[in-house]
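A look at the structure
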Amino acid sequence: MSSRSGSTREYETSDRSPGLSAFPPVPESSESEAEGLIFYHMDLYGSKERFDIFPKELTGQEDRSRGDTRKESALSSEKFQCSQEAEYDLEKEVAELAKMYGLDEDREKELELLGGHLEMVESRWPPARTEKAGSQGSGGGLSSSGMSDEWNSQAASEEEAADVFCSTCKMPIRAFDKLFGEHKDHEVAQLPSAVESEKEEIHKNMCKLEEQIAQVENFASHLEEIFITVEENFGRQEQNFEVHYNDAVQVLAQKYEEQLEALGEEKRQKLEALYGQLVSCGEHLDTCKELTDATQELYLENDKANFMKAAVTMVDRLEEFLKKEVDLELSTLPDFEERVIDFSEVEQLMNSINTIPAPCAPVINPQAPNTATGTSLRVCWGLFSDDTVECYQLCYKPVSNERSSDEQAEHTLKVKETYCTITNLFPNTQYEFWVSALNASGISPPSERTVYVTAPSPPTIKNKKIRSCENAALVCWESRDINPVDSYTVELSKLTDEENGDTITESIVGIPNCEVLIHLQPTQSYRICIRALNLGGSSERSEPVLIHTTGTYFCLNEDTAHPLLAILDDGFTIACDELENPECDLPVYDNSFTRCIGILGSLIPFPGKHYWEVEVEEDTEYRIGVAFENTPRHGYLGANNSSWCMRHIITPSRHKYEFLHSGMTPDIRITIPPTRIGILLDYENCRLSFFNADIAQHLYAFNSHFQHYVHPCFALETPGILRIHTGIAIPPWTALP
Amino acid sequence: MKFGIYLPPKAETGKCPVLYWLSGLTCTEQNFITKAGFHQAAAEHGLIVVAPDTSPRGCNIEGEDESWDFGTGAGFYVDATEDPWKTNYRMYSYIKDELPKLINANFPTDPERMSIFGHSMGGHGALILALKNPGKYKSVSAFAPICNPIQCEWGKKALGGYLGSDVSKWEAYDATQLVKSYPNSHLDILIDQGKDDQFLSAGQLLPDNFIAACTEQKIPVVFRLQQGYDHSYFFIATFINDHIKHHAKYLNA
């Protein structure tokens, strides 16, 4: 270190001292480029350290082999050191430098290697160069010019030579050195490739470093978490201790008071007893003394009679006195009674410190999908502490908007596990649950209330609204629940001859509405069920419906029926008994025909071909065909551009058939009045054809690009009936024309 | 005897049904082939179309070229029984037997499947051939046919000339009469008639009589009175596709 800092000073002064500014700047070598980063960096700390790096290379080549990071850290520590030395004695430095420069040829060479840096330094201080000329001039012009020449040639040779890297010494060398110099036997590489590999190495290290940073950061955040956890846990335990020890101390204090009091009382009693005994002893002694005195007095009595008189009394008195037993037993013992002190309460308190308090509140999991049925729920919860729990207390009640029903029965269950299946619930109903944990020490606060919902009840398929064709079916249903469901699933099974209807061949999931268009294969039978789904799970299957994809099946839209039009029980026969109702004022719905005694069917909105037939009496006057859903209800079918109709009327001379659209009809005569009319709606070929189905006779075809899906329409012009037949396979003879 | 024939692409690989076209008065085998524009529909449905001439030609019979509605170009699809016509003017037999034999022998046809249609006098020919030979033709159609020749001027002249004055003999070649004795055999008849056809108003065609007879006999006819059309080939060209389809429906069934 000392040598390094010494040389630092030596170079630094070269900038300041005019005498040394002749120091030849050498073109930047690639090596100096590599170090450029550090160089620039150090500039911030003053020129002194600027060269710190070079001596390091010059003096200690081993340093280079150290990792970059280490080098940098070494430098930064030097920075501190150097900045302190900044105010060093310049003169001394100059002297040292001059000595080194002047004397040491090898050193000079080494310095030349670092010319690149010097150049940079010099370019930063251009005045130093001009100064240099002046001072050199005074010293000796010759030497000045000689110096610069030498510098020039050296610079040139350097440029050529800096293309080899000695792997052994870890330094760039001139190719010349490889041949003759100390690197003769060393392993060398071309400088660019050496740079590349070095860069690669650095990059690798960078990656490793980044990895390490990420790792350490992870670890640090983990530590933080642990830190917080420890703080929390210990804080809680501290509180716990405080509470419990306070309790225990209180109890002990109380016990102490009690004991002290009891002890005092005993002492008092004993003392009192002893005192009493002492007093009675004294009294006894007094009596004895008195008797003795009296007896002695008696002895002194000379008068015999008196003596005798007194002696008898005295003897009696003495006898009586001596008859009394003298109580010489201690009434109480000096030592205090052995007391059994009840520490059980304290013990319990102390024990409870170690058996932990009542558990923390458990946390109820949100409802997991598919864990509910229409009548049951599986509730799960967890405890995020190590508290000992003996069992859980699970409470629930249905969620209700009505205030009054708040008192609805809350149910409580004791459960050992952290899950429970509750049964006998209502379908598609929300229940709120909360749970507490229990152990010997008590009960936890209740968890947050969590709402679970039971699966819906199975939907009901609207049988009367099913529409189908060869390739699709439109199924509608309704939910039986008040609460909305999330979605519906349709399950369809193709019925084969083996009648294996249980194998679900297809499921359509995620249907948001109560209606779905299902693509099917022609001339098959399908069993279709619907399930309703919500968060909790799926309902049971609905009652199945059978759909046959033979022909097109539709139903009549009763809402559109003219008031005078009756739909008979089979749902496909329409009748009109009288053209005008004498009582008038029949209910008219918004959607019903008001002039034409007609009705619309509900055809499946599906492209392709649809065929149906209408059976008529020869003398029935009718209009049959198709119409847009929104065809005017106050007009006649075929009279507008939203309906296409075949019309039959009887003129005095003949049956007249019209094929009406926008009120226009071609002039067509038909020799056989059809009694079974086939209607083929062909969206693909933009055609609506009418046939005499009995004799496969083509009657007429409308060619029209239907802008929207159409519906079958039927109307009676005279009292009569029309029988509509659906689900008929398209007869082959309709193919042409 | 010349005839025109159209072979659809399908005939290159297999046997096809034959649809015979009978032309009207004054026509040759060329008119229909040239003017009707039936080819696309016939190609689509794979039908061979044969258009024979309307009469023998160059028989050197006195008076054969005297008028356009009798003799040359006006064979009327009857087998003449009167001299000098009875030797050559046997158009009914020609269409019924000789021509099909020739066609079936020389072209890739399916002899079991044939239909017939025509225009005006040819319409009359198609109708009587179909009605006189139940089951022989799968279907029949006509453009502005002479429906009741025994009642109209053209018919009276031709039938009188070829068959003699016995009107009862004429009935054998009268569609409206033939309907009355037609057995209960399925025949789907399509007739197109221009509403502005001068021969309709002139009472030469008389479709109403035919329709009335068919109505009575329950023979299925769809009769379309096409507004704004006359007796010309423009009329035929307009509705030829419907007729080709009508026949294809039965020929390709």
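Residues numbered from 1 in each chain as written. Chains lettered and ligands numbered in written order. Predicted model: local features only at pLDDT ≥ 70, side-chain atom pairs only at ≥ 80, totals over all residues. Heavy atoms only, no water.

**What to know about the pairing of strand 26 (residues 622–628) of chain A**
Residue and element names in this part refer to chain A. Most of strand 26 sits out of view: 7 of its 7 residues are buried. The alternating pattern of strand 26 places Y622, I624, V626 and F628 and R623, G625 and A627 on opposite faces, both of which are buried. Bridge count for strand 26 against strand 27 (residues 643–650) is 6 bridges, and the pairing is antiparallel. The residue of strand 27 that forms the bridge with Y622 is H648. The pairing of strand 26 with strand 33 (residues 710–716) spans 7 bridges and is classified as antiparallel. Within strand 33, the position partnered with Y622 by the bridge is L716. (Buried < 20%, exposed > 50% of the residue type's maximum accessible area, 1.4 Å probe, protein only. Helix = DSSP H or I, 4+ residues; strand = E, 2+ residues; numbered from the N terminus. Pairing = 2+ DSSP bridges.)

**Looking at the pairing of strand 14 (residues 472–478) of chain A**
Residue and element names in this part refer to chain A. Within strand 14, 6 of the 7 residues are buried, which leaves the element mostly enclosed by the surrounding structure. As judged from the 2 bridges shared by strand 12 (residues 460–461) and strand 14, these two strands associate in the antiparallel manner. Bridge assignment links I461 to a residue of strand 14, and that residue is W477. Bridge analysis of strand 13 (residues 467–468) against strand 14 gives 2 bridges, and the strand direction is antiparallel. The residue bridging S468 from the neighbouring strand is A473, located in strand 14. Taken together, strand 13 and the strand that follows it, strand 14, pair antiparallel across an intervening segment of 3 residues. The pairing of strand 14 with strand 17 (residues 515–519) spans 5 bridges and is antiparallel. Opposite C476, over in strand 17, you have E515 as the bridge partner.

**Section: the packing of aromatic side chains**
Residues and elements named next belong to chain A. This structure, assessed with the given rule, holds 37 aromatic pairs over all chains. A centroid spacing of 5.6 Å and a plane angle of 70° characterise the contact between W381 and Y392, whose relative ring orientation is edge-to-face. Of this pair, W381 sits in strand 5 (residues 377–382) while Y392 is found in strand 6 (residues 391–398), placing the two residues 11 residues apart along the sequence. Ring centres of F554 and F714 lie 6.3 Å apart, and the angle between their planes is 20°; on these two criteria the pair is classed as stacked. (Phe/Tyr/Trp six-rings, centres within 6.5 Å; stacked < 30°, edge-to-face > 60°.)

**Description of a negative patch on the surface**
Residues and elements named next belong to chain A. There is a patch of like negative charges on the surface, built from E257, E258, E261, D342, E345 and E347. The greatest single-element share of the negative patch, amounting to 3 residues, is contributed by helix 12 (residues 191–300). Within the secondary structure, E261 sits in helix 12. (Patch = residues over 30% accessible without salt bridge, like charges linked within 9 Å, V, L, I, M, F, W, Y side chains within 5 Å. Areas by Shrake-Rupley, 256 points an atom, 1.4 Å probe, with all protein chains shown as cover. Salt bridge = Lys/Arg side-chain N within 4 Å of Asp/Glu carboxyl O. Lys, Arg positive; Asp, Glu negative; His and termini not counted. Charge placed at Lys NZ, Arg CZ, Asp CG, Glu CD.)

**Looking at the interface of chain B and chain A**
Taken residue by residue, the interface counts 20 residues in chain B and 16 residues in chain A. Of the roughly 1,600 Å² buried at the junction of chain B and chain A (both faces included), carbon and sulfur atoms supply 56%. The largest share of the area that chain B buries against chain A comes from V222(B), K245(B) and K249(B), three residues that together contribute 32% of it. Our count for the chain B to chain A interface comes out at 1 salt bridge. For the salt bridge of R669(A) with D208(B), the shortest nitrogen-to-oxygen distance reads 2.3 Å. Remark: the boundary between chain B and chain A carries 7 residue pairs in polar contact (both at pLDDT 80 or more). When residues of the side of chain B that touches chain A are traced back to their parent elements, those giving at least two are helix 9 (207–217), strand 7 (221–226) and helix 10 (233–251) of chain B. (Contact = heavy atoms within 4.5 Å. Buried area = accessible area lost by both parts, 1.4 Å probe. Polar contact = N/O pair within 3.5 Å; in protein donor to acceptor, adjacent residues only side chain to side chain.)

**Some remarks on the sheet that holds strand 4 (residues 363–364) of chain A**
Paired through backbone hydrogen bonds, the strands of a sheet run either parallel or antiparallel to each other. Residues and elements named next belong to chain A. Across the sheet, which stays open at both edges, the 3 strands sit in the order 4-5-8 with antiparallel pairing between neighbours. The sheet is open, and its two borders are formed by strand 4 and strand 8 (419–422), each paired with just one other strand. Where strand 4 and strand 5 come together, 2 bridges link them in antiparallel fashion. If you follow V363 over to strand 5, its bridge partner there is G382.

**Overview of the UniProt feature "active site" (unreviewed entry) in chain B**
All names here are of chain B. The positions UniProt marks with the feature "active site" (unreviewed entry) are S120, D197 and H231. Despite a sequence span of 112 residues, these residues sit close together in the fold, their greatest C-alpha distance being 10.8 Å. Among the structural elements, D197 can be located in the loop between strand 6 (189–194) and helix 8 (198–201). Of the residues examined, D197 reaches a relative accessible area of 1% and is grouped as buried. Not counting residues within four places of it along the chain, the set of residues in contact with D197 comprises A144, L205, Y229, D230 and H231. Along the chain, H231 falls in the loop between strand 7 and helix 10. Sequence-distant contacts of H231, defined by excluding residues within four places in its chain, comprise H119, S120, A144, D197, Q198, F199 and L205. (UniProt positions renumbered as here; feature names shortened; annotations may be inferred.)

**Regarding the pattern of salt bridges**
Counting across every chain of the model gives 21 salt bridges over all chains. The salt bridge involving K96(B) is made with D97(B); its shortest N-O contact spans 3.4 Å. Exposure remark for D97(B): the relative accessible area of 38% places this residue in the partly exposed category. Residues participating in the shared-partner salt-bridge network are R623(A), R647(A), K656(A), E658(A) and E717(A).

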